[in-house]
Amino acid sequence: MDLRIFTEPQQGATYDTLLAVAKATEDLGFDAFFRSDHYLRMGTVDGLPGPTDAWITLAGLARETKRIRLGTLMTAGTFRLPGVLAIQVAQVDQMSGGRVELGLGAGWFEEEHKAYGIPFPKEKFARLEEQLEIVTGLWATDPGKTFDFHGTYYDLTDSPALPKPAQRKIPVLVGGHGPSRTPRLAAEYADEFNMPFGSVEDSERQFGRVRAAAVEAGRGDELTYSNALVVCVGRDDAEVARRAAAIGREVDELKLNGLAGSPSEVVDRIGRYAEAGSSRVYLQILDLDDLDHLELISAQVQSQLS
C-alpha cells in the first residue's frame, strides 16, 4: 500500500509551508506529495495568505526535492487550455527528472471561477474528454512529427507537440463517483483511477465499474486504483480530538468518512480499502503546520503497511 500526502493549499498556505510539508514527505519515506488545484478557500476558514498556483508550486518543489512523486488531485480542466497544460506539465516533469503525475478533472467549484473571472462552461465533461485526448496525444507524438486535433471545443493544427516530458509516459489520473462516463474516461486515458472521499463499499463498487470498462476497452487490469481520504491520527483519544478540532471536524464524523483514530485503527481501516481493491491512499492533510502528525503516520501507520 503506497501512502501519499495530499494537501489543500487554498485553505491557507504559503509556498514555504508547502515546501516544508513536501520535504517532510520525502524525509519520512512517503511516496508522493500531491496538492489540489483551487483558487478559493472553502468553508469558514479565512484562506490567508491566499491561494498558490498548483503547477507553479510543483515546479518549485521539482527543484527542491529529489525522490518523491509530484502531482495534482485534480488539475481543473477549466483553468488551462489543454495545449498550454501539456507544455506546463512536461516542463515540470523535466525539472523534476521525471517525477510528475497529472490528475485531470472537469472542474466544479463555480464560486472560484466567479471570484477570479475564469469562464465556467456548462459542458465541462465533454471538454474534459477532449482535453485528455489532446494532452496525452501531444506527449505521445513522435519528435519531428506534428499533432492535429479538431474537436467541438478545441482545434490544434500542425502542433510540434513540444516539449517532451522526461518520462516516457507521464501517469494520468482520472477520478470521481460518476457511474458511466467517468469509468469510460478512466479506461480510455488513465493510468490510475482515484476514488475521492468515498466509503469502502462505494469504492469497491466504483472500482468494479472501472475494471469492467477497462476490460471492454481491451486494457485488462492495467490501472492502479486509489483512494483520497482525510486523515487524523493520534497516539490517544485526546490527541485525536485535538487534531480534529484543529481542522474544524468531529472525531466520529472523521472515523465514519475518513481515516481517524489510533494508528492501529487507521491501519485496520486502510486494510478494508485494500480489500476493496485500493493499492494507494492519498492522505488529505488539512493542518499543514502539524508536521508531528506526518511523523506519527510515518512511524506507526506507514511502517505497518510496508
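What counts and how
Residues numbered from 1 in each chain as written. Predicted model: local features only at pLDDT ≥ 70, side-chain atom pairs only at ≥ 80, totals over all residues. Heavy atoms only, no water. Helix = DSSP H or I, 4+ residues; strand = E, 2+ residues; numbered from the N terminus. Buried < 20%, exposed > 50% of the residue type's maximum accessible area, 1.4 Å probe, protein only. Lys, Arg positive; Asp, Glu negative; His and termini not counted. Salt bridge = Lys/Arg side-chain N within 4 Å of Asp/Glu carboxyl O. Polar contact = N/O pair within 3.5 Å; in protein donor to acceptor, adjacent residues only side chain to side chain. Contact = heavy atoms within 4.5 Å. Axes fitted to C-alpha atoms, helices over the stretch in contact; angles between N-to-C directions. Parallel < 35°, antiparallel > 145°, perpendicular 65-115°, else oblique. Nonpolar A, V, L, I, M, F, W, Y, C, P; charged D, E, K, R; others polar.

Asker: Looking at this structure, how should I read the side chain of Glu 130?
Answerer: Tracing the backbone through its elements, the reader meets Glu 130 in helix H5 (residues 124–140). Buried charge without a partner: Glu 130 forms no salt bridge, and the closest opposite charge is Arg 127, 7.2 Å away. A polar side-chain atom of Glu 130 sits 2.7 Å from the main-chain amide nitrogen of Thr 152. Not counting the four nearest positions on each side in its chain, Glu 130 is found in contact with Phe 149, Gly 151, Thr 152, Tyr 153 and Tyr 154.

Asker: What is the right way to read the packing of H5 against helix H6 (residues 181–189) from this model?
Answerer: The axes of two packed helices give the description: the angle between them and the distance between them. Remark: H5 packs on H6, axes separated minimally by 11 Å, with the N-to-C direction vectors making an angle of 5 degrees. Taken as axis vectors, H5 and H6 run roughly parallel relative to one another. Listed contacts from H6 to Phe 125, Leu 128, Glu 129, Leu 132, Glu 133 and Thr 136 of H5 are Arg 181, Thr 182, Arg 184, Leu 185, Glu 188 and Tyr 189. For the contact of H5 with H6, the residue count by class is five nonpolar, two polar and five charged.

Asker: Got a minute to help me understand the pattern of salt bridges in this structure?
Answerer: Charged atoms that come close allow side chains of opposite charge to pair. Inspection of every chain in the model, using the stated rule, returns 23 salt bridges. Put simply, Glu 188 and Arg 184 hold a salt bridge, and the shortest N to O gap is 4.0 Å. Of this pair, Glu 188 and Arg 184 both sit in helix H6, four residues apart, which is roughly one turn of that helix. You can call Glu 188 partly exposed: its relative accessible area is 45%.

Asker: Explain unusual backbone geometry to me, please; I cannot follow it from the model alone.
Answerer: Most peptide bonds take the trans form, and the phi angle of most residues other than glycine is negative. In this chain, Leu 48 is followed by Pro 49 through a cis amide linkage whose omega measures 10 degrees. Tracing the chain through its elements places Pro 49 in the loop between strand E2 (32–35) and helix H2 (54–64). Here Asp 158, not a glycine, exhibits a phi torsion of approximately 55 degrees, which is positive. Relative to the helices and strands, Asp 158 is located in strand E7 (residues 155–159). Classification of Asp 158 as exposed rests on a relative accessible area of 52%.

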